[in-house]
Amino acid sequence: MSPSVRPTVVISGSGLWTPDHIITNDELVTAYNEWAARYNDRHAEAIAAGEREEKPLSSVEFIEKASGIKQRYAYIKDGILDVDRMRPAIPERPDEALSDQAEMAVHAARGAMEAAGKTAADIDAVIVSCAYTQRSYPAIAIEVQEALGIDGFGFDMLVACSAATFALHRAYEMVAAGTARCVLAINPELTSPQVNFCDRDSHFIFGDVATATIVEAADTCAAPYSYEILGTRAQTKFSSHVRSNFGYVSRANDVDPFGADKLFHQNGRRVFKEVCPLAVQHLTDHISRHGLKVPDIKRWWLHQANINMNLHIGGKLLGRETTFDEAPIVLDRYANTASAGSLIAFHLYHQDLKPGDHGVICSFGAGYSIGSLVVRKR
C-alpha cells in the first residue's frame, strides 16, 4: 500500500463485562434514608440553629424521575449499603496481583477479541480509557497488555465520560496512519469508589462495568459484524459544573483527600442546560461533514447519563420523540457508567442493522467534552 493511501478503518468487535452484583434503587434509598435520618438526629441542634443543613430524604420515585435509572451494577456490593460505612469495601491487592481495573478490562477485552476473531498476536496497541484509573502508574493498559500476552504498547487516557469515544479516535488514527494494525480500546469504569453515597442528588447515578472495542484495517477484518468508521469528531469546552477533585495534591494541600468535593459532584441543572445544545450542534455538524442528514442515521448510540438528556437531545435532532430503535436506552439497567454507556448501547444493539446503514456513537461529559464517530455497517 502506498503511504499516501489511508486504509479503510473498521470497528470489528466489542465486548461487555458486568459485575455479579446489582443494587436496586430501593436498596440504595433504604440505606441512604437511614443514614440521613441518623445524621439529622445527630445534628438536630445545629440544624435548628441554621449552622448545618438538614439532609433531604431520597425515594425511588425521585431517582427514576430525575434520571431514569432503576438499578446499577457494583463491582463490590459490600459496604455500599452499610449505614456505618456508605462506600464499597474493596480489599487492597498486593502489587504482584492483577489490579481490580485490569481484571475488569481483561474480561471485556476477551469478549471483544472473540467477537472480532483476534488473538493477542494480532493486536499492536492497548488503550485503557475511562473516567478514573485506580493508580497513576504503571499504566493499567500496560498491565492488561501483559495479562493478555500482547506485544506492542499500551497507555491510559482520562477524558471523563468521553473517554471511550476519545480512545476510539486515537485507535482510528493509529490504524489510519499505519502505526498499528489493530488496536484494543478498553473502558473499565470502576466508578463506585468515587460516588458520594451520602449525597441525595448523586448517590444513585453511577454503575460499574467494562467495555472493549477492536479497531483495525478493513483488509484484515474477518468479523461477521463490522462498521466502517467514516469519521471522528471531538470537542471540548472548559466547565467546573461536573467535577471530581480527588488527586495526589490533596496531601500537600492539608485537606481531607476524601472530602465531598473530592468525590463526584455536579450542578445538574447547569450541565443539562449547557451540554444538550452543545451535543445537538456537535452531532448535526458531524454528520453533515459526511453529506448525511438526520433521517439518514439509522441508530444513535448516545451517552447514557440521564434519560431526560437523551430524550431532549434526541427530540432536538429528530424534531420529535425518539424511539428505542433509533436511540436505545440502557441506563435504566446499567445506570450512568461514565464513558462506557454509548458503547454498551452499541454492543447490545448493532447486529440488526443492514449493510449500508449509518449510525453515530457519541459520548459527552465533564470537561465539557464531546466525542463522536460516524459509522456505516459493512
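Our subject is the structure that appears above.
On a predicted model such as this, the values are computed, not experimentally measured, just so you know.

A. How the structure looks around the packing of helix α4 (residues 100–116) against helix α5 (residues 140–148). Between α4 and α5, whose axes approach to 9 Å, the crossing angle comes to 55 degrees. Overall, the two elements α4 and α5 adopt an arrangement that is oblique. Between α4 and α5 the crossing geometry is right-handed. Contacts between α4 and α5 pair Gln101, Ala102, Ala105, Val106, Ala109, Arg110 and Met113 from the former with Ile140, Glu143, Val144, Ala147 and Leu148 from the latter. Each residue belonging to the contact of α4 with α5 can be placed in one class, and the counts come to nine nonpolar, one polar and two charged.

B. Looking closely at the nonpolar core. In terms of nonpolar packing, the biggest core is built from 51 residues, with Trp35, Leu283, Ile287, Trp300, Ile313, Val360 and Phe364 touching the most fellow members. Counting residues per element, the ones that place at least two in this core are α1 (25–42), α8 (268–289), β11 (297–302), α9 (307–318), β12 (358–365) and β13 (369–377). At eight residues, α8 tops the list of elements feeding residues into this core. Not counting chain neighbours up to four residues away, the residues in contact with tryptophan 35 comprise Lys55, Val83, Met86 and Cys198. Counting 37 residues, the second-largest nonpolar core is a separate cluster that includes Leu168, Ala217, Trp301 and Ile344.

C. Region of the structure containing the pattern of salt bridges. Applying the stated rule across the entire model yields 18 salt bridges. Between glutamate 216 and lysine 118 there is a salt bridge whose closest N-O contact spans 2.7 Å. Placement of the pair is glutamate 216 in strand β7 (residues 209–217) and lysine 118 in the loop between α4 and β4 (125–130), with a sequence separation of 98 residues. Across this residue pair, the class does not change: glutamate 216 and lysine 118 are buried. Residue arginine 270 is joined to glutamate 274 by a salt bridge in which the shortest nitrogen-to-oxygen separation is 2.8 Å. Of this pair, arginine 270 and glutamate 274 both sit in helix α8, separated by four residues, roughly a single helical turn. Taking the relative accessible area as the measure of exposure, arginine 270 reaches 37% and is therefore partly exposed.

D. Seen up close, the packing of α1 against helix α3 (residues 60–67). Here α1 crosses α3 at 120 degrees, and the two axes come no closer than 9 Å. Classified by the interaxial angle, the pair formed by α1 and α3 is oblique. The element α1 and its partner α3 pack so that their crossing is right-handed. Mapping the contact onto sequence places Asn25, Asp26 and Val29 in α1 and Val60, Ile63 and Glu64 in α3. Along the lines of polarity and charge, the residues of the contact of α1 with α3 split into three nonpolar, one polar and two charged.

Rules used in this analysis
Residues numbered from 1 in each chain as written. Predicted model: local features only at pLDDT ≥ 70, side-chain atom pairs only at ≥ 80, totals over all residues. Heavy atoms only, no water. Axes fitted to C-alpha atoms, helices over the stretch in contact; angles between N-to-C directions. Helix = DSSP H or I, 4+ residues; strand = E, 2+ residues; numbered from the N terminus. Parallel < 35°, antiparallel > 145°, perpendicular 65-115°, else oblique. Left-handed = near helix turned anticlockwise from the far one by under 90°. Contact = heavy atoms within 4.5 Å. Nonpolar A, V, L, I, M, F, W, Y, C, P; charged D, E, K, R; others polar. Core = buried A, V, L, I, M, F, W, Y, C linked by side-chain atoms within 4.5 Å. Buried < 20%, exposed > 50% of the residue type's maximum accessible area, 1.4 Å probe, protein only. Salt bridge = Lys/Arg side-chain N within 4 Å of Asp/Glu carboxyl O.

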